[in-house]
Amino acid sequence: MNEPPVPGDPSLSPDESATDLFLEQPVWKHISGVWRPLHGGFASSGVSLEWHDFHLGQDLDWSPSFHPGSLEVCLNFSGQAQWQAGEKTHALAAGDVALYTANGTPLPAQRLAGSLHRFLTIELSPDYLRTHFEAVAAALKPGVRRFLESGGTAGKPFLEILPMPITLLNIRLYLLEPPVAATAQGIWYQGKILDVLAQVLFREDKPVEPWSEKHERENRDRLARVVFWLERDYENPPSLEMLAAEVGCSVFHLSRLFSQKMGLSIPRFIRLRRIERAAELLRGGGKSVTEVAMMVGYSSLSAFNKAFVEQIGCCPGLYPHMKAPTKSS
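Residues numbered from 1 in each chain as written. Predicted model: local features only at pLDDT ≥ 70, side-chain atom pairs only at ≥ 80, totals over all residues. Heavy atoms only, no water.

A word on the overall build of the protein
Part 1 of the argument: Along its length, the protein carries 12 helices and 10 strands.
Part 2 of the argument: Counting only residues that meet the buried cut, the protein has 45% of its 329 residues in that class.
Part 3 of the argument: Within the protein, counting contacts between residues at least 6 apart in sequence, those at least 24 apart form 68% of the total.
Part 4 of the argument: If you sum the accessible surface of the protein, you get close to 16,600 Å²; carbon and sulfur atoms cover 55% of it. (Helix = DSSP H or I, 4+ residues; strand = E, 2+ residues; numbered from the N terminus. Buried < 20%, exposed > 50% of the residue type's maximum accessible area, 1.4 Å probe, protein only. Contact = heavy atoms within 4.5 Å. Areas by Shrake-Rupley, 256 points an atom, 1.4 Å probe, with all protein chains shown as cover.)

Now the structure itself:
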């Protein structure tokens, strides 16, 4: 990949780092993009946190990156993947979490061409799981519990795909830029990994809740997912019909819910995000107004200029030279 892998855990020795990089680097070295180990190492410490960000021109055989004897968690923020189990295909979409084992039984998996792939993986050894979760093993998902109790040698593969909890939709922003001193990052990452695992490894509790509370919770979840998708793809956003289908409600309900909770319509929200990003790009320099307009999803320069003036209060050509924006909303 274009960016060399740099382990994020200062506690690893050079030999341990080299061992972990040697195991997986061959899978990613021909891919144009980023493979970035953030913390730990599967071979050395039984847990590894890694970030992936790349575009594929053709399908990629993903399974060679799975470590034998591991339970892996994939937080999939962008891009499509699939597993083949017998004659059945299991699809992984943006906004999903996948749990799967690589314990000696083949589990063919592909990353599909034609899209940007952005995902985090957490690779876990049986010893790591035993250390942290043996006392509560009875509450784990059946496949996770089977993996832990067998020491990673069970022949039956485990694969489960579920919607990403809304609390994890933006976690990559923090994991890529830890808000702590370098000397504290190791322990900070350990805490974040356990936070993720606590949300995805356990069987779901389904407490009885009043209809009104359930309705409100479902609406909060819908809104969080819609905001995630819109902010991720503001330059080419999904249609209202696509968003409504994704969150399981009508177009009318989604439009009304978004306006009530966010204080503005979905088209207005998209325009706001586009202009905010355009202002950042113009401030950064090096790009023309036309280039910036295209980058944030405007095919018409006149429409971009009009939207920018309405939002910022001056034309985009003058904005980089101003000391501060004259208007915000």
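Some points on the packing of aromatic side chains
Part 1 of the argument: For the structure on display, the rule yields 14 aromatic pairs.
Part 2 of the argument: Summarising the aromatic geometry, the rings of Trp62 and Phe119 are spaced 5.5 Å apart at their centres and angled 75° between planes, so their arrangement reads as edge-to-face. Of this pair, Trp62 sits in the loop between strand E3 (60-61) and strand E4 (70-78) while Phe119 sits in strand E9 (residues 116-124), placing them 57 residues apart in sequence. Phe119 shares its class with Trp62; the two are buried.
Part 3 of the argument: A connected cluster of aromatic rings, assembled from ring pairs, spans Phe54, Trp62, Phe66, Trp83, Tyr100 and Phe119.
Part 4 of the argument: Looking at Arg111, its charged tip hangs above the ring of Trp62, at a distance of 4.3 Å from the centre.
Part 5 of the argument: Its guanidinium or amino end placed over the ring of Tyr298, Arg274 lies 5.4 Å from that ring's centre, counting from NZ or CZ. (Phe/Tyr/Trp six-rings, centres within 6.5 Å; stacked < 30°, edge-to-face > 60°. Lys NZ or Arg CZ within 6 Å of the ring centre and 35° of its normal.)

Some points on the side chain of Glu50
Part 1 of the argument: When you line up the elements, Glu50 lands in strand E2 (residues 47-55).
Part 2 of the argument: Comment: no salt bridge for buried Glu50; closest opposite-charge side chain is Arg111, at 11 Å.
Part 3 of the argument: A polar contact is formed between the side chain of Glu50 and the side chain of Trp35, at a distance of 3.0 Å. (Lys, Arg positive; Asp, Glu negative; His and termini not counted. Salt bridge = Lys/Arg side-chain N within 4 Å of Asp/Glu carboxyl O. Polar contact = N/O pair within 3.5 Å; in protein donor to acceptor, adjacent residues only side chain to side chain.)

With respect to the sheet that holds E3
Part 1 of the argument: Read across the open sheet, the four strands follow the order E3-E8-E5-E6; overall the sheet is antiparallel. Each end of this open sheet is capped by a strand with a single partner; those strands are E3 and strand E6 (88-92). (Pairing = 2+ DSSP bridges.)

Notes on the pattern of salt bridges
Part 1 of the argument: Enumeration over the complete set of coordinates arrives at nine salt bridges.
Part 2 of the argument: For Asp127, the salt bridge identified is with Arg130, shortest N-O distance 2.7 Å. Here Asp127 pairs with Arg130, and both are found in helix H3 (residues 126-133), just three residues apart, close to one helical turn.
Part 3 of the argument: Among the residues examined, Asp127 registers a relative accessible area of 51% and is labelled exposed.
Part 4 of the argument: Among the charged side chains, a salt-bridge network with shared partners connects Glu231, Arg273 and Glu276.

Quick look at the packing of helix H7 (residues 211-232) against helix H10 (residues 266-284)
Part 1 of the argument: Contact geometry of H7 with H10 gives a least axis separation of 10 Å together with a crossing angle of 40°. Regarding the angle of H7 to H10, the classification is oblique. For the element pair H7 and H10, the recorded crossing hand is right-handed. Within the contact between the two elements, H7 uses Val227, Leu230 and Glu231 and H10 uses Ile266, Phe269, Ile270 and Arg273.
Part 2 of the argument: Taken together, the residues that form the contact of H7 with H10 break down as five nonpolar, no polar and two charged. (Axes fitted to C-alpha atoms, helices over the stretch in contact; angles between N-to-C directions. Parallel < 35°, antiparallel > 145°, perpendicular 65-115°, else oblique. Left-handed = near helix turned anticlockwise from the far one by under 90°. Nonpolar A, V, L, I, M, F, W, Y, C, P; charged D, E, K, R; others polar.)

Structural notes on the state of the cysteines
Part 1 of the argument: A complete count under the given rule lists zero disulfides for this structure.
Part 2 of the argument: We note that Cys314 lacks a disulfide partner, and the nearest cysteine sulfur, in Cys315, lies 5.8 Å from it.
Part 3 of the argument: For Cys314, a relative accessible area of 10% translates into the label buried.
Part 4 of the argument: When its relative accessible area of 33% is taken as the criterion, Cys315 is described as partly exposed. (Disulfide = S-S within 2.5 Å.)

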